[in-house]
Amino acid sequence: MQEFGLIGLGVMGKSLCRNLAGKGFHLSLYNRFVPVTEENVATGFIAGYAELATASGFQEIEPFVASLQLPRKIFLMVPAGDAVDEMIASLLPHLSANDVLMDGGNSFYKDTERRCRQLQQAGILYIGTGVSGGEEGALKGPSIMAGGSLEAYNLARNFLDSIAAKDITQKPCCAFIGNGGAGHFVKMVHNGIE
């Protein structure tokens, strides 16, 4: 069984996977299947990097979810908006109570608040997780702004702290910002300032 799952192998998703694997975590990776344009993306990506030797690749949701230790920790790196809701809907039938979903995209904070409420009713723990630093930061150490379920954050904290950038005292640049959409709200402000 794998320790951590990541969905969405775009530029940021791939860099986060390599960062996690480089810290010794055993991963399950999922990317959608689209005939001709997106076939065997996860297995092809794994084959290209030695640090991913223990990772498993999937293009079907059910076996991806089944490959993960309970409670599952699944990081979503899909485009903000409808894609997040569609992915949550496809995952829900296969999840168990107290599994953790983390949205690492640039979701609107009010969408994150809605998803927190929706998933809490289903017994699923949810974190809106702002990730800052771009492709290089995702690979070498991003700043991570988590908001939503404190219980979820505590279950995933070891993974998030491990991959985060470190400050001058070696403290991870990762924090629980607050309930609801707080993490994505702070990421939105950060993006505006940048």
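Here goes a summary of the coordinates provided. (Residues numbered from 1 in each chain as written. Predicted model: local features only at pLDDT ≥ 70, side-chain atom pairs only at ≥ 80, totals over all residues. Heavy atoms only, no water.)

## Focus: the pattern of salt bridges
Argument step 1. Tallied over the full model, the rule gives eight salt bridges.
Argument step 2. Residue R115 is joined to D103 by a salt bridge in which the shortest nitrogen-to-oxygen separation is 3.9 Å. In this pair, R115 sits in helix α5 (residues 109–121) while D103 sits in strand β5 (residues 100–103), placing the two residues 12 residues apart along the sequence. Residue R115 shares its accessibility class with D103, and that shared class is buried.
Argument step 3. For K140, the salt bridge goes to E136, with nearest N and O atoms at 3.2 Å. Taken together, the residues span about one helical turn, with K140 and E136 both in helix α6 (residues 134–140) at a distance of four residues. The pair K140 / E136 is uniform in exposure class, with both members exposed. (Salt bridge = Lys/Arg side-chain N within 4 Å of Asp/Glu carboxyl O. Helix = DSSP H or I, 4+ residues; strand = E, 2+ residues; numbered from the N terminus. Buried < 20%, exposed > 50% of the residue type's maximum accessible area, 1.4 Å probe, protein only.)

Scope: geometric values only; no functional claims are made or implied.
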